[in-house]
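Listed below are the residues making up each chain.
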Amino acid sequence: MAAKSTKSISVIAGGRIIDPATQLDVIGDIYLKNGLVERIETRKRSLKSAEKIKSERGVYDARKKIVAPGLIDLHVHLREPGREDEETILSGARAAAAGGFTSICCMPNTDPPIDDQETVQFVIDQARDAACRVYPIGAVTQGQRGESLTEIGDMVHTGAVAISEDGMSVVSAEIKRRAMEYIRMFDIPVIAHCEDASLSAGGVMHEGAISTRLGMRGIPAAAEEIIVARDIQLARATGARLHIAHVSTADSVRLIKRGKRDGVKVTGEATPHHFSLIDASIAESFDTNLRVSPPLRTEKDRKAIIAGLADGALDCIATDHAPHSVEEKDNEFDIAPNGMIGLETALGLVGKNLVNAGHLDWPRALRLMTINAARITNLPGGKLAAGEAADIVVFDPEEEWVVDPEQFYSLSKNSPYVGWTLTGRVKLTVCGGKVTHEDR
Ligand code: DOR
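Nothing here was measured: the structure is a model prediction, and the numbers come from that model. In this numbering scheme, every chain counts its residues from 1 along its sequence in written order. It should be noted that, the model being predicted, local features are given only for residues of pLDDT at least 70 and side-chain atom pairs only at 80 or more, the latter also being counted only at that level, while totals for whole chains, interfaces and linings use all residues. To obtain the side-chain values, all non-hydrogen atoms of the structure were used and water was disregarded.

Numbering goes from the N terminus for both helices and strands, where a helix is a DSSP run of H or I of at least four residues and a strand is a run of E of at least two. Check the secondary structure of the protein and you find 16 helices and 18 strands. In terms of overall dimensions, the protein is globule-like: its C-alpha atoms have a radius of gyration of 21 Å, near the 22 Å expected for 440 residues. Taken along its principal axes, the extent of the C-alpha atoms in the protein is 65 × 50 × 45 Å. Per-residue burial for the protein yields a buried fraction of 61% across its 440 residues. In this analysis, two residues are considered to be in contact whenever any of their non-hydrogen atoms come within 4.5 Å of each other. In the protein, the share of contacts with a sequence separation of at least 24, taken over all contacts with a separation of at least 6, comes to 74%. For this measure, only C-alpha atoms enter the radius of gyration; the expected value for a globule follows 2.2 Å times N^0.38, where N is the number of residues. The buried label goes to any residue with under 20% of its type's maximum accessible area, the exposed label to any with over 50%, and the partly exposed label to all in between, with areas taken from a 1.4 Å probe on protein chains only.

Structure below.
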C-alpha cells in the first residue's frame, strides 16, 4: 500500500485519543514521523505546545474529535477481477478511506475467484497505490465449486490472510474438515458464510410472519444455524480457527457463545445492517437494497446481535460491503442480487445504533472495529503506540450527517440508508502517515 496523497501530517493535536488495544483514553497529541507513530503526549503536558502548533503546517486540529486506530474491515467485496463497473480495488479502497478504514480484507468471490497464487498476487499488485491496505482472502475450493481444495499454502505464502467460500457455504463437511485440518499449520482462520442451500434455495428474505404476509419465499434461521453448528463442531474436532461471517440470528450468537465457553477457537462478526435493520423494513419499502445474504432477520435477532457485540460473544463489526450495479438492483425483489454497500456508512451506523442508542461506549465499539478485527486475521495495526504504523482515523462523534449517494466514493450506490441521518462523521483518515481522506 502506498497511498497517493502527498499531504502529510506531523501532529494530530488535542483530540480524545482512544486506543482499545492499549486501553488508552486520553486527551492528547499524536506525533507522526516516517509513516509511524513517533509518540503520544497527553494534553496536560503538551497543552502549551498544542496551542503553539495550532497554526503550524502539518498540524491537524482534532479538538472535540475522537482519534483512534484506523478501522479494519474483515469482510469487503471488491469486484475486481470481473465486475470493475461495480467496484475496483482502488475505488473500494477509496471508499474504505472515506469510511475511516485503513485496512480491509477482500473476499474471493470475484470472476475469476481468488483461488490461486496468481490471483492473490494480482490483488496485491492492484492495491499497491490504494488508499488503504488491502489483504486478499483466498477461496476454500477451486473455482468456489465445492469440489477440490485450493492450494492454500501457496495463497498464504503470497499474502492471503484467510480462506473463505463467502457467498455460499462449503457444502461437503468432509472438504470443510480437510480445509480446517490444513489451515492449522498456517495459523489463519477459515471465514464461514453459513447457509444450508437446501433450506435457503429460492428464498429472498427471512422466513417468518412478514414473509408469509408478503407472500415472499423465506430463508429460515435454521439455514444459517445448521452450518454454524456444523462448523463449530468441525473446529472443535480439528482445533482450527473458525470465524463466522455476518451472523444474523439469535441462535447463531448462542452457538458461538457456547463454542467459546467450550474452548473452541471460534469468533464471530456482525454487520451494521444486521444490527440496524430488520425484515419488517422490507414490507415498508420493498427496497431491493434490503435484500442481503444472510437476510435481515427479526427485532429479536437484531437485539441478540447487539447483546452479542456487547458481551463478547461476537468479536468484530464487518461491513460485508457488496457493490451491485443499478441495473441489477433496479429489479423486482425476487430477482435482485444480494448485497448492500457499507464502507462509507459503517461508522455513522455504529454511532447512531450502538453508541447513541446506549448499547456500547466508543472505546468498546472501536475495539470491535480495530484490534479485535486485526487479531482474527493476524493483521498488523489496530493499535496506537510509538513505533506502530501511523494508521489513524479522526472523527466527530457528535456530527450528524445525511447519507447522500452522490457523495459515495464507491462505484456502486446500493445503500438502503440514503436519506438517513447518521451520527459520527469521519474527518480525517491517515494510512502509513499519509492522508487518504479528509472531510472538508
Ligand atoms: O449479501 C451478500 N452479498 N452476501 C454475501 O454473502 C455475498 C455478497 C455479494 O458478494 O454480493
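Moving on, we come to the side chain of Ser 325. By the secondary structure assignment, Ser 325 is in the loop between strand E15 (316-317) and helix H13 (326-329). Its relative accessible area of 8% is what places Ser 325 among the buried residues. Apart from the residues within four sequence positions on either side, Ser 325 is in contact with Arg 83, Asp 85, Glu 86 and Ser 412.

Another point: the nonpolar core. The set of buried Ala, Val, Leu, Ile, Met, Phe, Trp, Tyr and Cys residues whose side-chain atoms join them within 4.5 Å is what this entry labels a nonpolar core. The biggest cluster of nonpolar side chains holds 92 residues, and the ones touching the most others in it are Val 134 and Trp 362. It is helix H14 (residues 346-355) that provides the largest number of residues to this core, a total of six residues. Sequence-distant contacts of Val 134, that is, excluding residues within four places in its chain, are made with Leu 78, Ile 89, Ala 93, Ile 104, Cys 106, Val 123 and Ala 127. Ranked by size, the runner-up nonpolar core spans 16 residues in total, among them Ile 12, Val 37, Leu 384 and Ile 392.

Another point: the sheet that holds strand E6 (residues 71-76). A strand pair is defined by DSSP finding two or more bridges across the two strands. Taken together, three strands build an open sheet; the order of strands is E6-E7-E8 and the sheet is parallel. Looking at strand neighbours, the two that pair on one side only are E6 and strand E8 (133-136), the edges of this open sheet. Taking the axes of each pair of neighbouring strands and ignoring which way they run, one obtains an average angle of 20 degrees across the sheet. Relative to E8, strand E7 (residues 101-106) runs parallel, the two being bridged by four bridges. Across the sheet, residue Cys 105 finds its bridge partner in E8, namely Tyr 135. Orientation is described by lines fitted to C-alpha atoms, with helices fitted over the stretch in contact, and by angles between N-to-C directions that extend from 0 to 180 degrees. Against the sheet, helix H2 (residues 89-98) touches E7 and E8, its axis set at about 140 degrees to E7.

For the largest pocket, the calculated volume is near 430 Å³. Both site types are read off a 1 Å grid over the protein atoms alone. A 1.4 Å probe that fits but cannot get out defines a cavity, while an open set with protein on both sides within 12 Å along at least five of seven lines defines a pocket; lining residues have an atom within 4 Å of a point. Along its surface, the largest pocket is lined by 25 residues, and His 77, Arg 79, Asn 109, Gly 167 and His 324 are the ones closest to its centre. Each residue belonging to the lining of the largest pocket can be placed in one class, and the counts come to six nonpolar, twelve polar and seven charged. Grid points are joined across faces, edges and corners, and a volume is the space filled by probe spheres set on the points. Here the second largest pocket defines a volume of roughly 330 Å³. As for the second largest pocket, its lining consists of 22 residues, of which Ala 98, Trp 401, Gln 407, Arg 425 and His 437 are closest to the centre. Of all the secondary-structure elements, those providing two or more residues to the lining of the second largest pocket are H14, strand E16 (392-402), strand E17 (421-431) and strand E18 (434-438). Lys, Arg, Asp and Glu make up the charged group, whereas Ala, Val, Leu, Ile, Met, Phe, Trp, Tyr, Cys and Pro make up the nonpolar group; the residues left over, Gly among them, are polar.

Tallying each qualifying case throughout the model produces three cavities of 30 Å³ or more. Here the residues of the lining of the largest cavity are counted per class, giving five nonpolar, two polar and three charged.

The next thing to look at is the side chain of Thr 377. Position of Thr 377 among the secondary structure elements: in the loop between helix H16 (371-376) and E16. Beyond its immediate sequence surroundings of up to four residues, Thr 377 is in contact with Leu 74, Cys 105, Val 161, Ala 162, Pro 189 and Arg 241.

For the rest of this paragraph, the subject is the environment of Arg 43. Residue position: Arg 43 is located in helix H1 (residues 43-53). Placed 123 residues apart in sequence, Arg 43 and Asp 166 show a C-alpha to C-alpha distance of 45 Å.

Between Lys or Arg on one side and Asp or Glu on the other, a salt bridge is scored when a side-chain nitrogen of the former is within 4 Å of a carboxyl oxygen of the latter. According to the stated counting rule, one finds 25 salt bridges in the structure shown. Arg 16 is paired through a salt bridge with Asp 25; the nearest N and O atoms lie 2.9 Å apart. Classification of Asp 25 by relative accessible area gives partly exposed; the value is 39%. Between Glu 399 and Lys 427 there is a salt bridge; the shortest N-O distance is 2.8 Å.

By themselves, these figures tell us nothing about what the structure is for.
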